[in-house]
Number of protein chains: 2
Amino acid sequence: MTTSSIASPDVDAEHEQNKTPVSFLGPFCTYSHQATLLAFPDTSKWVLEPTSTIKEVFDRVQSGAAPYGVVPFENSTHGVVTFTLDGLADRAGEYPDICVCGEIYLDVHHFLLGRRPPSSSPESEQRSSGRGGEENPKGVPLASLSHIRRVYSHPQAFGQTARFQAKYLQPLGIEFIDVSSTSRAAQLAAADPKGESAAIASELAGREAGLDVLARWVEDREDNTTRFFVIRRKETTEGGYPPPEEEGKRYKSLVSFTVPHRQPGALANVLDCFRRRELNLTSINSLPSLVAPFQYLFFVEFEGGREDDHEGRISGVLEDLEKVAERWRWLGSWRRKR
Amino acid sequence: MTTSSIASPDVDAEHEQNKTPVSFLGPFCTYSHQATLLAFPDTSKWVLEPTSTIKEVFDRVQSGAAPYGVVPFENSTHGVVTFTLDGLADRAGEYPDICVCGEIYLDVHHFLLGRRPPSSSPESEQRSSGRGGEENPKGVPLASLSHIRRVYSHPQAFGQTARFQAKYLQPLGIEFIDVSSTSRAAQLAAADPKGESAAIASELAGREAGLDVLARWVEDREDNTTRFFVIRRKETTEGGYPPPEEEGKRYKSLVSFTVPHRQPGALANVLDCFRRRELNLTSINSLPSLVAPFQYLFFVEFEGGREDDHEGRISGVLEDLEKVAERWRWLGSWRRKR
């Protein structure tokens, strides 16, 4: 991925009209932007449109303004992204046509970005220029952090870097400030004229903001991966995503459902349907149903898809669901990437 | 609840030493603070200590620095609070002794707080003085909002007020800024000398910050309730929570467990244990297990407790769990409030 493909393109508007819009949670240079580029890399074909909220991605896809949208679904350390679950739950009936048509895995590496202290020796100085590797150890500060008074980041990124914070930042009495994106965090750190602010964000966001790398790969776990969903309106084929040549023929599917209230075993009855068909569950999540407080809408993701349902297991489980769930909804199937 | 019981007390430190500390997610005047006061109202007995993160509440309770802690668990509109689930999951083995010993339900009402426009007529002017009722309609602006440029709030509060935002704030092109608490949001709005900033926060936080009420009860649903857990170290009885005279003898319990990886039906097998014992589930949640990416640790909450297990159903289900779960952990039982 090159820097030129990331930067907000200064383009001819008329030329852009021939491209297919893809909506994603902006601003540019966030992890969401990187994930969107992985699935929609051809900038001559797609125009990537940042939104300010996940809800806006759902709004634009439902309205048809963007045939496709990319939303973060879950992180391997910190769990599901509630705002995306909220859109898929569609408890207000705003998104009747939205389904999932793809997934993207992005390995996430967080950097502590800011200004190096004025006293740091020139030979140890390193800009966030992509230089790194052996000379640039992971997870430990590359400079004194004693001048840092506050650190900006997104709550998800804070949640994924707890150990680094506990070891190197909390003992300094640093203030932690939640902001709406890691890109914004980098911008806020860059805007501090005193250089006392830092951000936890991507290397790319730090480079765009002109910040120094104060520590690299500060995430708690090396296998810190975020999974994104590509969403579209049912039946949309505009732009031809996913490309037919894409490898992999195995599928995953997603359904949501509610169960009869206060019936012991109601959820077990539904999960039994999948067990009897030997469909392996790959995730389960829940949100309040909003029908009554603290009743739940469940999401079950499982291996298999309508596209390769040669043994009729998928159609069978949907017939079973019809009998034991209170209500249920098909949310799509897609080619699995992992 | 009086204002004097809310304000940070200016107290004699020696006197405070005789009180039992209760840790909660601060700062003062947040919904967490209100919930903590509901469970620990006697200020002659308890000293309420704000922390800056949910993790710190777990840290202080585990270390014994505070015998009790109060953490938000789930909201009836927006779902589970991931940071609390993270503490209960204890995936890093930091909280071996923590269990849940109580629950608190707090009906949450959000207010849009800021400065009224300079041109607003005196007869329509209303301070956030508790005046309200019929003359102060719910969910609609009480003044023009055209002077507002940005709104601060906590992500959970934004998530619970989406309809009000869509109807009254988004059409004005207002910027939404995530901050770490609703109290902080009110303080930031109050600190704007131009009066162009507003906050979505509690009426109490607005009053403390000296802000005007621009709209009241702006939550999407009238039954917007947050449930909190009281946590303690196992066997702690210091200060005698819950009080013996407390009403209600019905219990709820919480367990966490993992299931054998990639075995179809493994989760259904575990839930079957509860179904066979006719134990009604009251919530189910999951987090990545961290043993491998995207494998899950599950949380099941159910009706009944070890304290009233006359029929042996609880002890029975725990024996069953031992057979079908990969590993599991008892996270406590407590008197149910709803």
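Residues numbered from 1 in each chain as written. Chains lettered and ligands numbered in written order. Predicted model: local features only at pLDDT ≥ 70, side-chain atom pairs only at ≥ 80, totals over all residues. Heavy atoms only, no water.

A. Focus on the overall build of chain A. Counting its secondary structure elements, chain A contains 11 helices and 15 strands. Going through the 338 residues of chain A one by one, you find that 57% of them count as buried. Sequence separation of at least 24 residues holds for 80% of the intrachain contacts in chain A that already meet a minimum separation of 6. Summed over its atoms, the accessible surface of chain A is roughly 14,000 Å², and 48% of this surface lies on carbon and sulfur atoms. (Helix = DSSP H or I, 4+ residues; strand = E, 2+ residues; numbered from the N terminus. Buried < 20%, exposed > 50% of the residue type's maximum accessible area, 1.4 Å probe, protein only. Contact = heavy atoms within 4.5 Å. Areas by Shrake-Rupley, 256 points an atom, 1.4 Å probe, with all protein chains shown as cover.)

B. View of the interface of chain B and chain A. At the interface, 50 residues of chain B touch 51 residues of chain A. With both chains or domains summed, chain B and chain A bury close to 4,400 Å², and 56% of this area falls on carbon and sulfur atoms. The largest share of the area that chain B buries against chain A comes from Arg275, Leu290 and Phe294 of chain B, three residues that together contribute 14% of it. On inspection of chain B and its partner chain A, the count reaches four salt bridges. Between the two partners, chain B and chain A, sit 10 residue pairs in polar contact (both at pLDDT 80 or more). Broken down by secondary-structure element, the contributors of at least two residues to the side of chain B that touches chain A are strand 3 (68–75), helix 5 (82–89), helix 6 (155–159), strand 8 (175–178), strand 11 (225–233), helix 10 (266–276), strand 13 (281–288) and strand 14 (296–303) of chain B. For the side of chain B that touches chain A, the per-class residue count stands at 19 nonpolar, 17 polar and 14 charged. (Buried area = accessible area lost by both parts, 1.4 Å probe. Salt bridge = Lys/Arg side-chain N within 4 Å of Asp/Glu carboxyl O. Polar contact = N/O pair within 3.5 Å; in protein donor to acceptor, adjacent residues only side chain to side chain. Nonpolar A, V, L, I, M, F, W, Y, C, P; charged D, E, K, R; others polar.)

C. Region of the structure containing the packing of helix 10 of chain B against helix 11 (residues 313–324) of chain B. All names here are of chain B. In contact at an axis separation of 9 Å, helix 10 and helix 11 are set at 165° when each is read in the N-to-C sense. Taken together, helix 10 and helix 11 sit at an angle that is classed as roughly antiparallel. In this structure, the crossing between helix 10 and helix 11 has a hand that is right-handed. For the pair helix 10 and helix 11, the contacting residues are Asn269, Val270, Cys273, Phe274 and Arg276 in the first and Val317, Asp320, Leu321 and Val324 in the second. A class-by-class count of the residues in the contact of helix 10 with helix 11 yields six nonpolar, one polar and two charged. (Axes fitted to C-alpha atoms, helices over the stretch in contact; angles between N-to-C directions. Parallel < 35°, antiparallel > 145°, perpendicular 65-115°, else oblique. Left-handed = near helix turned anticlockwise from the far one by under 90°.)

D. Representation of the relation of the copies chain B and chain A in the model. When chain B is fitted onto chain A, the two copies agree to an RMSD of 0.1 Å after a turn of 180° and an axial shift of 0.0 Å. Read as a symmetry element, the transformation amounts to a two-fold axis. A shared binding surface is used by both copies, with 100% of the interface residues of chain B retained as interface residues in chain A. (Least-squares fit on C-alpha atoms with pLDDT ≥ 70 in both.)

E. Molecular detail of the packing of aromatic side chains. Residues and elements named next belong to chain A. Counted by the stated rule, this structure contains 28 aromatic pairs over all chains. Ring-pair connections join several aromatic residues into one group, and the members of that group are Phe40, Trp46, Tyr68 and Tyr241. One cation-aromatic arrangement involves arginine 306 over tryptophan 330; the distance from NZ or CZ to the ring centre is 4.1 Å. (Phe/Tyr/Trp six-rings, centres within 6.5 Å; stacked < 30°, edge-to-face > 60°. Lys NZ or Arg CZ within 6 Å of the ring centre and 35° of its normal.)

F. Quick peek at the sheet that holds strand 7 (residues 150–153) of chain A. Residue and element names in this part refer to chain A. Taken in spatial order, the five strands make up an open sheet running 8-7-9-6-10, and their pairing is mixed. Bordering the open sheet on either side are strand 8 (175–178) and strand 10 (212–216), each of which pairs with just one other strand. The sheet shows a mean angle of 25° between the axes of neighbouring strands, direction not considered. Across three bridges, strand 7 lies against strand 9 (residues 197–201) in parallel orientation. The residue of strand 9 that forms the bridge with arginine 150 is serine 197. (Pairing = 2+ DSSP bridges.)

G. A look at the nonpolar core. Among the nonpolar cores identified, the biggest contains 48 residues, and Val255, Phe257 and Phe274 of chain A together with Val255 and Phe257 of chain B are the most heavily contacted of them. Of all the secondary-structure elements, those providing two or more residues to this core are strand 12 (251–258), helix 10 (266–276), strand 14 (296–303) and helix 11 (313–324) of chain A together with strand 12 (251–258), helix 10, strand 14 and helix 11 of chain B. Ignoring anything within four residues of it in the chain, the contact list for phenylalanine 257 of chain B reads Leu267, Val270, Tyr296, Leu297, Phe298, Val300, Ala325, Arg327 and Trp328 of chain B. (Core = buried A, V, L, I, M, F, W, Y, C linked by side-chain atoms within 4.5 Å.)

H. Broad picture of the confidence of the model for chain A. Residues and elements named next belong to chain A. Confidence in the prediction for chain A averages 86 pLDDT; 89% of positions are at 70 or higher. Of the regions scoring below 50 in pLDDT, residues 1–11 engages in 14 contacts with residues more than four places distant in sequence or in other chains. Per-residue pLDDT stays below 50 along residues 122–134; that stretch engages in 21 contacts with residues further than four places along the chain or on separate chains. (pLDDT = per-residue confidence, 0-100.)

I. A look at helix 11 of chain A. All names here are of chain A. Between its first and last C-alpha atoms helix 11 spans 17 Å; for 12 residues at 1.5 Å apiece the expected length is 16 Å, and the two agree. For helix 11, the set of buried residues is Ile314, Gly316, Val317, Leu318, Asp320 and Leu321. Looking at the buried residues of helix 11, the elements they touch are strand 12, helix 10, strand 14 and strand 15 (327–335). (Expected span 1.5 Å × (residues − 1).)

J. Just the side chain of glutamine 62 of chain B, in detail. The residue glutamine 62 of chain B is located in helix 4 (residues 54–63) in this model. Setting aside anything within four residues of it in sequence, one finds glutamine 62 of chain B in contact with Glu94, Tyr95, Pro96, Asp97, Ile98 and Arg233 of chain B.

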